[in-house]
Each structure stands twice: as structure tokens, then as C-alpha cells.
Amino acid sequence: MNAKPDGNQLPPEQQEMPLIEHLLELRNRLLKMVLAVLICFAAIYPFANELYLWLSEPIRSLLPVGQTMIATDVTSPFFAPLKLALVLAVFAAIPIILYQLWSFIAPGLYAHEKRLAFPLLFTSVILFYAGAAFAYYVVFPLVFGFFTAIGPEGIVELPDITSYLNFVLKMFFAFGVAFEIPIATVLLILTGATTPADLAAKRPYVVVGCFIIGMLLTPPDIISQTLLAVPMWILFEIGILFGRLAKREVADPDSDEPAGE
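Quantities reported herein were computed from a predicted structural model and do not represent experimental measurements. (Residues numbered from 1 in each chain as written. Predicted model: local features only at pLDDT ≥ 70, side-chain atom pairs only at ≥ 80, totals over all residues. Heavy atoms only, no water.)

Undergrad: For the overall build of the protein chain, give the residues involved together with the corresponding values.
TA: For the protein chain, the count of helices and strands is nine helices and zero strands. Reading the secondary structure of the protein chain in the N-to-C direction produces α-α-α-α-α-α-α-α-α. Within the protein chain, the fraction of its 261 residues that count as buried is 37%. Expressed as a percentage of contacts within the protein chain between residues at least 6 apart in sequence, the contacts between residues at least 24 apart total 83%. (Helix = DSSP H or I, 4+ residues; strand = E, 2+ residues; numbered from the N terminus. Buried < 20%, exposed > 50% of the residue type's maximum accessible area, 1.4 Å probe, protein only. Contact = heavy atoms within 4.5 Å.)

Undergrad: Summarise helix 5 (residues 161-178); cite the residues concerned and give the values.
TA: Here helix 5 contains 18 residues, and its C-alpha end-to-end distance of 26 Å stays within 8% of the 26 Å for a straight helix at 1.5 Å per residue. Of all the residues in helix 5, the buried ones are Ile-161, Tyr-164, Leu-165, Val-168, Leu-169, Met-171, Phe-172, Ala-174, Phe-175, Gly-176 and Ala-178. You can read the cap of helix 5 off the contacts: a side-chain oxygen lies 3.2 Å from the backbone nitrogen of Thr-162, and it is on Asp-160. (Expected span 1.5 Å × (residues − 1). Polar contact = N/O pair within 3.5 Å; in protein donor to acceptor, adjacent residues only side chain to side chain.)

Undergrad: Tell me what's going on with the nonpolar core, and back it up with residues and numbers.
TA: The biggest cluster of nonpolar side chains holds 40 residues, and the ones touching the most others in it are Tyr-52, Leu-55, Phe-140, Tyr-164, Leu-165 and Phe-172. Those elements that place two or more of their residues in this core are helix 2 (48-60), helix 3 (76-105), helix 4 (111-150), helix 5, helix 6 (181-190) and helix 9 (222-251). By residue number, the principal contributor to this core is helix 4, which donates 10 residues. Other than its neighbours up to four places away in sequence, Leu-55 contacts Leu-84, Tyr-136, Tyr-164, Leu-165, Val-168 and Phe-172. (Core = buried A, V, L, I, M, F, W, Y, C linked by side-chain atoms within 4.5 Å.)

Undergrad: Can you break down a nonpolar patch on the surface residue by residue, with the values?
TA: Together, Phe-211, Val-230, Trp-233, Ile-234, Ile-238, Leu-241, Phe-242 and Leu-245 give the surface a local cluster of nonpolar side chains, amounting to about 690 Å² of exposed area. No other element matches helix 9, which puts seven residues into the nonpolar patch. (Patch = residues over 30% accessible without salt bridge, like charges linked within 9 Å, V, L, I, M, F, W, Y side chains within 5 Å. Areas by Shrake-Rupley, 256 points an atom, 1.4 Å probe, with all protein chains shown as cover. Salt bridge = Lys/Arg side-chain N within 4 Å of Asp/Glu carboxyl O.)

Undergrad: Could you give me a rundown of the packing of helix 2 against helix 5, with the residues and numbers involved?
TA: The geometry of helix 2 relative to helix 5 is characterised by a closest axis approach of 11 Å and an angle of 85 degrees between their N-to-C directions. Between helix 2 and helix 5, the interaxial angle falls into the category roughly perpendicular. For the pair formed by helix 2 and helix 5, the contact residues are Tyr-52, Leu-55, Ser-56, Pro-58 and Ile-59 on the first element and Ile-161, Thr-162, Tyr-164, Leu-165, Val-168 and Phe-172 on the second. When the residues that make up the contact of helix 2 with helix 5 are grouped by side-chain class, the tally is nine nonpolar, two polar and no charged. (Axes fitted to C-alpha atoms, helices over the stretch in contact; angles between N-to-C directions. Parallel < 35°, antiparallel > 145°, perpendicular 65-115°, else oblique. Nonpolar A, V, L, I, M, F, W, Y, C, P; charged D, E, K, R; others polar.)

Undergrad: If you had to explain the side chain of Glu-180 to someone new, which residues and values would you point to?
TA: Note on placement: Glu-180 falls in the loop between helix 5 and helix 6. Buried and unpaired, Glu-180 has no salt bridge, with Lys-170 as the nearest side chain of opposite charge at 19 Å. The contact partners of Glu-180, leaving out residues within four places of it in the chain, are Ser-124, Leu-127 and Phe-128. (Lys, Arg positive; Asp, Glu negative; His and termini not counted.)

Undergrad: Account for the side chain of Ser-124, naming residues and giving values.
TA: Tracing the backbone through its elements, the reader meets Ser-124 in helix 4. Residue Ser-124 is classed as buried on the basis of its relative accessible area, which comes to 13%. Within the structure, the side chain of Ser-124 is placed 2.5 Å from the backbone oxygen of Leu-121, a separation counted as a polar contact. Residues within four places of Ser-124 in sequence aside, it is in contact with Leu-98, Glu-180 and Ile-183.

Undergrad: How would you summarise the pattern of salt bridges if you had to cite specific residues and measurements?
TA: A side chain with one charge can pair with a side chain of the opposite charge if their charged atoms come near. Counted by the stated rule, this structure contains three salt bridges. Between Glu-25 and Arg-29 there is a salt bridge; the shortest N-O distance is 2.8 Å. Here the residue Glu-25 and the residue Arg-29 both occupy positions in helix 1 (residues 19-44), the gap between them amounting to four residues, near one helical turn. Look at Glu-25 and you get partly exposed, because its relative accessible area is 29%. Judged by relative accessible area, Arg-29 falls into the buried class, the value being 15%. For the salt bridge of Glu-57 with Arg-60, the shortest nitrogen-to-oxygen distance reads 3.1 Å. Here Arg-60 and Glu-57 lie together in helix 2, a separation of three residues that amounts to about one turn.

Undergrad: Describe in detail the confidence of the model for the protein chain, supporting the description with residues and values.
TA: Per-residue pLDDT for the protein chain has a mean of 81; in total, 86% of the residues score no lower than 70. Confidence, read as mean pLDDT per element, is least for helix 9 in the protein chain (80) and greatest for helix 2 (93). (pLDDT = per-residue confidence, 0-100.)

Undergrad: With reference to specific residues and values, describe helix 2.
TA: Compared with an ideal rise of 1.5 Å per residue, which puts 13 residues at 18 Å, helix 2 spans 17 Å between its outermost C-alpha atoms and is within 8% of the ideal. By the largest-angle criterion, Trp-54 marks the main kink of helix 2, which is about 30 degrees, and a proline, Pro-58, follows within four residues. Within the sequence span of helix 2, burial applies to Ala-48, Tyr-52, Leu-55, Ser-56, Pro-58 and Ile-59. (Bend = angle between axes of the 7 residues up to and from the residue.)

And the structure:
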């Protein structure tokens, strides 16, 4: 009982590493994250203008014939594609960023924690991308169709390229984060902050909360609010389901071994 395994074979609370080594390891991981973003940016930037045209297609396709987007600032034609390329570089580097975070925290985890943590990280990436894709392919055509059709007669719509970019990036972030609800639900259950039964009992409040969040994060129209609130509720239900499964995994008595064994 008193024999101590080597290094990583100790439980996390018994492992000791000098603070300077932790900081050096963290620095190296952060440098790799930044390098991954820069490499992705270097690969994406030459196509920044084409990517902006692709991003603006949902609204440009709805503009009357002969009308187009405009740049109200002298520097917008340069900085709007540049900003888009940088954001896309971060999006593209997310798997590498999460892998570096995983490599930093994994040595301090038990075996059963590793079995759950990696799938959660992987799933969080997929869900974030799925949320952004849902916003582009489902929400944008409906929202922009609503806005372009409801304008007063005689008003010419000339969307500004910078304002449009800021709007769609906000929507990407809102839907990407909203699609992380199953991960947040599972983590709340695993940490003991709540139980699947308690969450199920609070379902009516959650539904109302989803619509409130949809109202705050989306434009003031019922279409985009509903398109965010309904998926959030569905994902909440999925989170409860997988939370029950994860709870059983943690309760498995064979999962109490340290990670290194």
C-alpha cells in the first residue's frame, strides 16, 4: 500500500512537479497553439477575398439585380478579408489548440477521467463546427430573406462589408457556443453540481431560458430566435441522455485506477 509507482503512475494529488516546469510546459503549448494559428492564417489569407465572397453569398444572392455590397470605410476592403482570414485560421486550428490543451492536462488525469475527457474535447469541436454550419446553411438564408423582404418600399439595401462580417461572426459564435450545451450538461452531471433527474425536472425553465438566450444573441426577429432556441433545447435533452451514460461510466468500480496504470 505504501509503495509509490514512478512519476505519472501516481494519482494526480500525489504527483509533484516544480512550478517552473509547469510554466515552461504551458509556454511551449501556447507557442505551438500560436504557431498553428499563424500557419493556418498563412495558408488561408491568399484566398481571403474569395472566402469573403463565399461568406457573403447568403445576402448577396437576395439583393436586387444591380445592387451589391459597399465599403463605407477606406480601409474596409483590406481589413474585412484580413479579419475573416484570421478568424477562419483560429477556427481551423481549434483541433490543434484543443490537442495541446489535452496534452497539458492529460498526465494529471485518472484512467476513467481520460476515457471521458478526450471524447468530450473531440465532441466539443464537432459541435462548434456544426453550430457554425447550421448558422450559415439554415439560419442565414431565412434571416436575410426576412430582412431584405421587410424593408420599406423605395429603400435601397446596400450592406456594408464590415458590418456584415461582424454580424455573421457574432452569429457563428452564438450558434457554435449554443451547440456546446450537451458538453456543459454532461460536465455539470459529472462534477456532481446536478443530476439528470434534477435537470429533467427543470425542463420548463430551460425551455424559457433557451428562448431568452435566443432573444439576446440573435437579431430581433422571431425566426432567428426560434432557430437558436429550439436546437438549444434539443441539445439539452441530448446532454441529459449522455450525462446518464457518463455517470454510469464514472460509477464503474473498475475505473478507479490511476491514469498511468
